[in-house]
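Residue-level listing of the chains:
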Amino acid sequence: MEELIARINELSRKNKAVGLTPEETIERDALRQKYLENFKQNFKNQIETIKFVEDEEESGGKQ
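Residues numbered from 1 in each chain as written. Predicted model: local features only at pLDDT ≥ 70, side-chain atom pairs only at ≥ 80, totals over all residues. Heavy atoms only, no water.

Novice: Got a minute to help me understand the side chain of glutamate 24 in this structure?
Specialist: Relative to the assigned elements, glutamate 24 resides in helix H2 (residues 22–48). Setting aside anything within four residues of it in sequence, one finds glutamate 24 in contact with Leu11, Lys14 and Gly19. (Helix = DSSP H or I, 4+ residues; strand = E, 2+ residues; numbered from the N terminus. Contact = heavy atoms within 4.5 Å.)

Novice: Explain H2 to me, please; I cannot follow it from the model alone.
Specialist: Within an α-helix, residues lying three or four positions from one another point in the same direction, as the helix has 3.6 residues per turn. The terminal C-alpha atoms of H2 lie 39 Å apart, and with 27 residues this matches the ideal 39 Å at 1.5 Å per residue to within 8%. Of all the positions in H2, only Glu24, Arg28 and Leu31 are classed as buried. Where H2 is buried, its residues contact helix H1 (2–17). (Expected span 1.5 Å × (residues − 1). Buried < 20%, exposed > 50% of the residue type's maximum accessible area, 1.4 Å probe, protein only.)

Novice: Hey, could you run me through the nonpolar core in this one?
Specialist: Considering soluble globular proteins, one finds that nonpolar side chains tend to be buried as a cluster. Within the largest apolar cluster, five residues are counted, these being Leu4, Ile8, Leu11, Leu20 and Leu31. The leading source of residues in this core is H1, at three residues. Once you skip the residues sitting within four places of it in the chain, leucine 20 turns out to touch Leu11, Lys14, Asn15, Thr25 and Arg28. (Core = buried A, V, L, I, M, F, W, Y, C linked by side-chain atoms within 4.5 Å.)

Novice: Where do I start with the pattern of salt bridges in this structure?
Specialist: When the charged atoms of two side chains with opposite charge come close together, those side chains can pair. Per the counting criterion, the structure on display carries four salt bridges. When the shortest N-O distance is used, the salt bridge between glutamate 10 and arginine 7 registers 2.9 Å. With glutamate 10 and arginine 7 both in helix H1 and three residues apart, this pair spans about one turn of that helix. Its relative accessible area of 41% is what places glutamate 10 among the partly exposed residues. For arginine 7, a relative accessible area of 25% gives the class partly exposed. Notably, a salt bridge pairs aspartate 29 with arginine 28, separated by 3.5 Å at the nearest N-O pair. Residues joined in a network through salt bridges with shared partners are Arg7, Glu10 and Glu27. (Salt bridge = Lys/Arg side-chain N within 4 Å of Asp/Glu carboxyl O.)

Novice: I tried to follow H1 on my own but got confused; where do I start?
Specialist: Taking 1.5 Å per residue as the helical rise, H1 with its 16 residues ought to reach 22 Å, and the 22 Å between its terminal C-alpha atoms agrees with that figure. What H1 keeps buried is the set Leu4, Ile8 and Leu11. Buried positions in H1, seen along its axis, are confined to an arc of 65° and lie on one side of it. For H1, the exposed residues set more than 90 degrees away from the buried face come down to Glu2, Glu3, Arg13, Lys16 and Ala17. Looking one or two residues past H1, glycine 19 carries a phi angle of roughly 95°, positive in sign. (Arc of directions from axis to C-beta.)

Interpretation in functional terms is not warranted from these geometric data alone.
Printed below as a string of structure tokens:
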């Protein structure tokens, strides 16, 4: 994941400085999409592991 972010940042800096080739633009877009997919999946996993205090109180603290 760190390598992915590093490459995205590298392409972003290059785009601001001198612009990207069509191949680099395609690569950047693909990397951004992959990053977003990973982010969404990690966020979904975090949400799914949340336990609500009210649910535990209603069940008497039992799971």
